[in-house]
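Architecture at a glance
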Amino acid sequence: MINVVLAGCGAMSKQWLDAVRQIDGLSVVGLVDLDADRAKARAREYDLTSAAIGTSLDAVLDQTRPDAVFDVVVPAARREVAFSAFAHHCHLLTEKPLADSPENARAIVEAARQAGRLHAVVQNRRYVANVRRIRRFLSSGAIGAATSIHADFFVAPHFGGFREEMAHVLLLDMAIHTFDAARYMVNGEPAGVYCQEWEPASSWYRQGSSASAVFDLGGGKVFTYAGSWCAAGFRTSWESTWRIVAERGSLVWDGNDELKAEVVLPDREGLFDRTEPIAVPPLDPADRVGGHLGIIQDFMRAIETGTEPETRGADNIKSLAMVFGAIESAETGRRVTISSQEGQ
């Protein structure tokens, strides 16, 4: 049995607790929130009658002595939660983003290393079936090496609460999913970015609801991102819509179920190369999926076996560096270099 304390009982905690319900051998022994009544309500909702309830993470960890902490707090509180978890010899699985600043991200990753504890991030788009299929298909070389990756994200959610008051809200709170998926699908190493943010007249966010960015992912690969959180009408998937251009063909994904590719044929017809459809193979049995559920299961397996989880903080910090590089570029109006050492 692996015992965990969940810190942060807001709306996102439901996804975590829904996943926990499906996992044998995992027990939530404590719930922490600045609002004790909210923590108590979650305990009642999920029948966690024996879980310790508190407003102080340190106090609940002292009381319960769990194996791990699940961090579902707001990004500004990540560092405090991480340091508390590691001080109590706990492993840590955290909601994205890993941290609210580059300095805090590096501090958390280093603290995990020094404590000898596992630290991973719920980068759940990696555990989407079609993301896995795309990575495997491109790695096979069926259409050659990827040369450019394009993602569009246009939705218009009225969240209320902290998101509508955040600075750089799209880049910091949402775009990390798309950036990490792009890096994963083409095995990219971010090297630089130019980004522009703007606030449409129709926006209900304080700042940063819309952005466009161009990334250098190394090896001749360029990734373009266009997104908005206040674009009503013709909503894209939460996973974005994608076009990946490769040396000998292209792949498109609508972010839902439609995934297709074409490969270039040897003989040209007039101005254009002829192409034909090429199948993107189904999931391989080794491909791990399941969103929050899949990541939590992998995290538990890593605790049990002493292995590193795929979305470990020391790797995920590279995707977060894309976010902070884009923010710096938007603020300064210049291209920003992304250090290859971010994940070291």
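Residues numbered from 1 in each chain as written. Predicted model: local features only at pLDDT ≥ 70, side-chain atom pairs only at ≥ 80, totals over all residues. Heavy atoms only, no water.

Side note on the overall build of the protein
Of regular secondary structure, the protein possesses 9 helices and 15 strands. Rg of the C-alpha trace for the protein: 21 Å, near the compact-globule value of 20 Å for 344 residues, within the 12% margin. By principal-axis analysis of the C-alpha atoms, the protein measures approximately 75 × 45 × 40 Å. Relative to its 344 residues, the protein shows a buried fraction of 54%. As presented, the protein carries roughly 15,400 Å² of accessible surface, and 49% of it is formed by carbon and sulfur atoms. (Helix = DSSP H or I, 4+ residues; strand = E, 2+ residues; numbered from the N terminus. Rg over C-alpha atoms; globule rule 2.2 N^0.38 Å. Buried < 20%, exposed > 50% of the residue type's maximum accessible area, 1.4 Å probe, protein only. Areas by Shrake-Rupley, 256 points an atom, 1.4 Å probe, with all protein chains shown as cover.)

Some thoughts on the domain arrangement of the protein
Segmentation of the protein into domains returns domain 1 (2–117) and domain 2 (125–280 + 321–337). Between the C-alpha centres of domain 1 and domain 2 the distance comes to 30 Å. If you look at the interface, domain 1 gives 9 residues, while domain 2 gives 7 residues. For the pair domain 1 and domain 2, the two sides together bury roughly 630 Å², of which 74% comes from carbon and sulfur. With a shortest N-O distance of 3.8 Å, Asp173 and Lys96 are connected by a salt bridge. At the junction of domain 1 with domain 2, the criterion picks out 1 residue pair in polar contact (both at pLDDT 80 or more). (Domains from an automatic or database assignment. Contact = heavy atoms within 4.5 Å. Buried area = accessible area lost by both parts, 1.4 Å probe. Salt bridge = Lys/Arg side-chain N within 4 Å of Asp/Glu carboxyl O. Polar contact = N/O pair within 3.5 Å; in protein donor to acceptor, adjacent residues only side chain to side chain.)

Regarding the packing of helix α3 (residues 57–64) against helix α4 (residues 78–87)
Where α3 contacts α4, the axes come no closer than 10 Å and their chain directions differ by 25 degrees. When the axes of α3 and α4 are compared, the pair comes out roughly parallel. Crossing of α3 against α4: the hand is right-handed. On α4, the residues touching Leu57, Asp58 and Leu61 of α3 are Val81, Ser84 and Ala85. Residues that form the contact of α3 with α4 fall into these classes: 4 nonpolar, 1 polar and 1 charged. (Axes fitted to C-alpha atoms, helices over the stretch in contact; angles between N-to-C directions. Parallel < 35°, antiparallel > 145°, perpendicular 65-115°, else oblique. Left-handed = near helix turned anticlockwise from the far one by under 90°. Nonpolar A, V, L, I, M, F, W, Y, C, P; charged D, E, K, R; others polar.)

Focus: the pairing of strand β7 (residues 146–154)
Sheet topology places β7 next to strand β11 (residues 241–246); 6 bridges connect them, and they run antiparallel. Within β11, the position partnered with Ala146 by the bridge is Ala246. Bridging between β7 and strand β10 (residues 222–228) involves 7 bridges; their strand directions are parallel. Across the sheet, the residue bridging to Ser148 is Val222, located in β10. (Pairing = 2+ DSSP bridges.)

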